[in-house]
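What the coordinates show
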Amino acid sequence: MAPRAYLALCLAGLGAAGCLEDDGGSGADGGLRFDAGPDAAHADAGDTPPEALDDYVRWEMERHGIAGLAAVIVKDDAPVWTGTFGFANVEDAIAVDGDTLFAVASISKTIVTVPLLRLVEDGMLDLDAPVDDYLPFAVRHPGFPDVPVTARMLLTHTSGLEDDFATLAMVMNPGAPTMTLAEFSEAYVTPGGELYAEANWGARPGTEWSYCNAAFGLVGYLVEAVSGEPLPDRTRVDLLEPLAMTSSAWSYTDVPPDQLAVGYTWNARTGFTPVEYEGLAYYPAGGFVTSLNDLTRFLRAFMRYGELDGERVLEEATATAMRERQVPDVYDRQALTWRYTTRGGHTYLGHSGATLGGSANMMFRPDDGTAIIVLTNSDAYVLARLGLTESSDALGRILDRLDAEADGI
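Residues numbered from 1 in each chain as written. Predicted model: local features only at pLDDT ≥ 70, side-chain atom pairs only at ≥ 80, totals over all residues. Heavy atoms only, no water.

1. Some thoughts on the pattern of salt bridges
What the rule picks out here adds up to 19 salt bridges. In this structure, Arg343 and Asp400 form a salt bridge, with 2.5 Å as the shortest nitrogen-oxygen distance. One end of the pair, Arg343, is in strand S12 (residues 339-343); the other, Asp400, is in helix H12 (residues 390-408), with 57 residues separating them in the sequence. Using a relative accessible area of 14% as the deciding quantity, one classes Asp400 as buried. The shortest N-O distance in the salt bridge between Arg365 and Asp403 comes to 3.1 Å. (Salt bridge = Lys/Arg side-chain N within 4 Å of Asp/Glu carboxyl O. Helix = DSSP H or I, 4+ residues; strand = E, 2+ residues; numbered from the N terminus. Buried < 20%, exposed > 50% of the residue type's maximum accessible area, 1.4 Å probe, protein only.)

2. Re the environment of Leu383
Looking at the secondary structure, you find Leu383 in helix H11 (residues 380-384). For the pair Leu383 and Leu356, spaced 27 residues apart in sequence, the C-alpha to C-alpha distance is 9.1 Å.

3. What about the side chain of Arg300?
Turning to its location among the elements, Arg300 is positioned in helix H9 (residues 292-303). With relative accessibility at 14%, the residue Arg300 sits in the buried group. If we skip the residues at most four places from it in the chain, Arg300 touches Val74, Asp77, Glu307 and Leu308. (Contact = heavy atoms within 4.5 Å.)

4. Section: the sheet that holds S12
Strand order in the open sheet formed by seven strands is S3-S2-S1-S15-S14-S13-S12, and the pairing between neighbours is antiparallel. Only two strands of the sheet have a single neighbouring strand rather than two, namely strand S3 (94-95) and S12. Bridging between strand S14 (residues 358-364) and strand S15 (residues 371-376) involves six bridges; their strand directions are antiparallel. The partner of Phe364 across the bridge, within S15, is Ala371. Contacts from helix H2 (residues 53-64) reach strand S1 (68-75) and strand S2 (78-89) within the one sheet, and its direction differs from that of S2 by about 30°. Here H9 sits on the sheet in contact with S1, S2, strand S13 (346-355), S14 and S15, set at roughly 150° to S15. (Pairing = 2+ DSSP bridges. Axes fitted to C-alpha atoms, helices over the stretch in contact; angles between N-to-C directions.)

Here's what the structure looks like:
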């Protein structure tokens, strides 16, 4: 299937491909279950899953269409198991390793949150002030113009903004985005803007949780408007350089092609088919590319309340506040960008992401410091929204196995 036809199909009634997101684990919001349990019927009759962890991961991948995968278990602030499997490039038989770059889709939202909160720490931004105070245009719900939209609302999906999927498809294209964050944001929220529609707004701000990718385009522009610097520059100075995340970038066009995993879709009849990555005008919602090694450093810093190897990227009080459930009366699993979910009876704080050619999970247990990351170049989660759940079910079982293995290490 041609990438554009595939994209149109994904957008038709299921969400904005490029940063499709799960529902945090409940399934109640119509999204992909983040904590889906094992499927006892997943094995062919008479086919017994291997006992060894590495063999088990390969077994699931080979049977259920996952080309490449990189994963880690962290305990006591150190990786205790790392696994890299399959191919970053099937056609050329290039194996996945710890430096292979994957599209991590909505995990990007946790990345853009750091430079935003650095501005809060510097006294340049108030999370609870109207974003109008910082932007050259108004951000007001047409049905509730007297209710301010705040940065905290944007970070917790309670701003009233909605994803108009047909509109978001118009601002996705192969290569770098063709609109700046400023252009996208103003066009999307301003009456008369070229991307504006009543469908861009839903509930009264602050009253309902509705997962919104477009809102994080606005988050990225807020960083630029307040700091006076491009978001990639702020991200590099505030996060990537201090944590030595040397391979990561905000666009797949800004990394070495031979280090970037090819994204794949899969079906049992035709096997793996490469899919083209998309540039997003709202890229802070889903455009980040990173490796297992780099993302592990990011997660460890967050688990350590903003510091790693003597480099502090957030104040301890900020990182602590990020873990708090922000809108318990509206959606009690929502922290600041990150969300709570459960797996194997454990409470995790994390984020996941789904895009054309990428499905990813990043999560940790606040109570004991255990963490799991799984990155793939599979569109398993996008396919699941089309009712094709084989690959996503396999990823769910791999996550369950990693959760169980972590308890025994």
